[in-house]
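Here is what each chain is made of, one letter per residue.
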Amino acid sequence: MILFLASRPVVAAPPVVRPAAPVRRRSLLRPYRQLFAAPGALSFTLAALVARLPGSMLGVSTVLMIALSRDSYALAGAVSATGVAVTAVCSPLLGRLVDRYGQAKVAVPAAGVFVLGAAAMLLCVHYRAPDWALFLCAAGSSGVPGIGAMTRARWAVIHRDDTALRHTANSFEQVVDEVCFMVGPALAMVLCTAVFPEAGLLTGAVLLTAGTLAFAAQRATEPPPHPRDGSGRAASPLRAGGVRVVLATFLATGAVFGSMEVATVATVESYGDGSASGAVLALQAGGSCVAGLVFGALPVRGSAMGRFVAGVAAMAVAMLPLLAADGLGPLAALLFVAGMATAPTMITGMTLVQRLVPTGQLNEGMTTVYTGLLVGISAGAATGGWAVEQLGTGTAYAAPAAAAALALAIALTGALVGARRPR
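A brief structural summary. (Residues numbered from 1 in each chain as written. Predicted model: local features only at pLDDT ≥ 70, side-chain atom pairs only at ≥ 80, totals over all residues. Heavy atoms only, no water.)

**Topic: the overall build of the chain**
Counting its regular elements, the chain contains 17 helices and zero strands. Evaluated residue by residue, the chain yields a buried proportion of 48% over its 423 residues. For the chain, contacts bridging at least 24 residues in sequence account for 84% of all contacts bridging at least 6. (Helix = DSSP H or I, 4+ residues; strand = E, 2+ residues; numbered from the N terminus. Buried < 20%, exposed > 50% of the residue type's maximum accessible area, 1.4 Å probe, protein only. Contact = heavy atoms within 4.5 Å.)

**Focus: a nonpolar patch on the surface**
On the surface, a nonpolar cluster with roughly 370 Å² of combined accessible area is contributed by L28, V290, V294, L298 and M340. By secondary structure assignment, the location of M340 is in the loop between α14 (328–339) and α15 (342–356). Relative accessible area serves as the criterion here: at 32%, M340 is assigned to the partly exposed category. (Patch = residues over 30% accessible without salt bridge, like charges linked within 9 Å, V, L, I, M, F, W, Y side chains within 5 Å. Areas by Shrake-Rupley, 256 points an atom, 1.4 Å probe, with all protein chains shown as cover. Salt bridge = Lys/Arg side-chain N within 4 Å of Asp/Glu carboxyl O.)

**Points about the pattern of salt bridges**
Considering all chains together, one arrives at six salt bridges under this definition. A salt bridge links R52 to E173; the shortest N-O distance between them is 2.4 Å. Within this pair, whereas R52 is found in helix α3 (residues 41–52), its partner E173 is found in helix α9 (residues 163–195), the two being separated by 121 residues in sequence. Among the ionic pairs, D177 bridges to R152, the shortest N-O distance being 2.9 Å. Here D177 is found in helix α9, whereas its partner R152 is found in helix α8 (residues 147–158), with 25 residues between them in sequence. As far as the burial class goes, D177 and R152 line up, both buried. Within the structure, one salt-bridge network assembled from shared partners comprises R52, R152, E173 and D177.

In structure tokens, the structure reads:
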């Protein structure tokens, strides 16, 4: 029996077939759920949204209010330009104070100063004060706290050890900016034209005050201040070469946005449907929103400077087809695609600033480069208006295309110089 068993061939047991593990797909919403899992994140984000919306309302509200009450767009534009110029000077200084003393201690008084200036503007317009008084009020109401920079600073501190979530946070903040710039101007236009001329500025002042107070009350997520130690004044964030590259690029990028808005309005009017310009511009911002949400959910690859140059290059390339647009439908589609290059560029630019600037100068650094963007928008709008008047609507998009090419040249030069600089 034993010999019989020993002579039988040994049959191997069949292999155990285990079911393949399901392939887990990366959800686009998962990074955003992780982002808002931090305690207090949703609270300060909602409060900041209320405070940030008026930022896109104030310029339109001021122009419409003065133009409707004084029947002069020239005066309205000059007063608005004065406000932008003063804001360009004050915003970095306010950012420096925020870094030194804390967000709540600076944002609340700054909002109070703004409210006083806005109230004076409303009274001067209502009681028909001299024109020079309007310029003084515009200067006095320009100290708007940089809530957008403050929210980005909070995310940077909360997720200081997680590069991926900081990338998602910057992406989300860019989407919020785009939503505000879609909703704010339209809301201001409705209030000023359908209610009364002062309604836009009045509503903006109320929202900014309420939002700032609610934001400042969220103390648990406020970054700690970084007071100076008496050893001397801290160096400017612009001492970092990369920050100067971002600032110069944002100046040219702002010129793209400002001139493109003028070009779009003029081109749509040349098609005989000027009322559609708002919707077409909203499509451009919508493209940026979609790209920002997707970009924020994707893993971070490559260097920040490389991604920044790629974003600016995509923006420059996306401008070229606009020169050949020959109808409202093609123009709307091309603007949607062009908008998709905006968000990655802005997101990566802010990421670069956060990496290059010390923690104690985050607000000042981000406010400085964002102010450069606003100055570029104003300059671009003026240049775009001149180009439309002198060259006609047929070449209206030549100005934003040229500004985008300039932005790409600046970014490329900065990247090459930085790569060759000894470390």
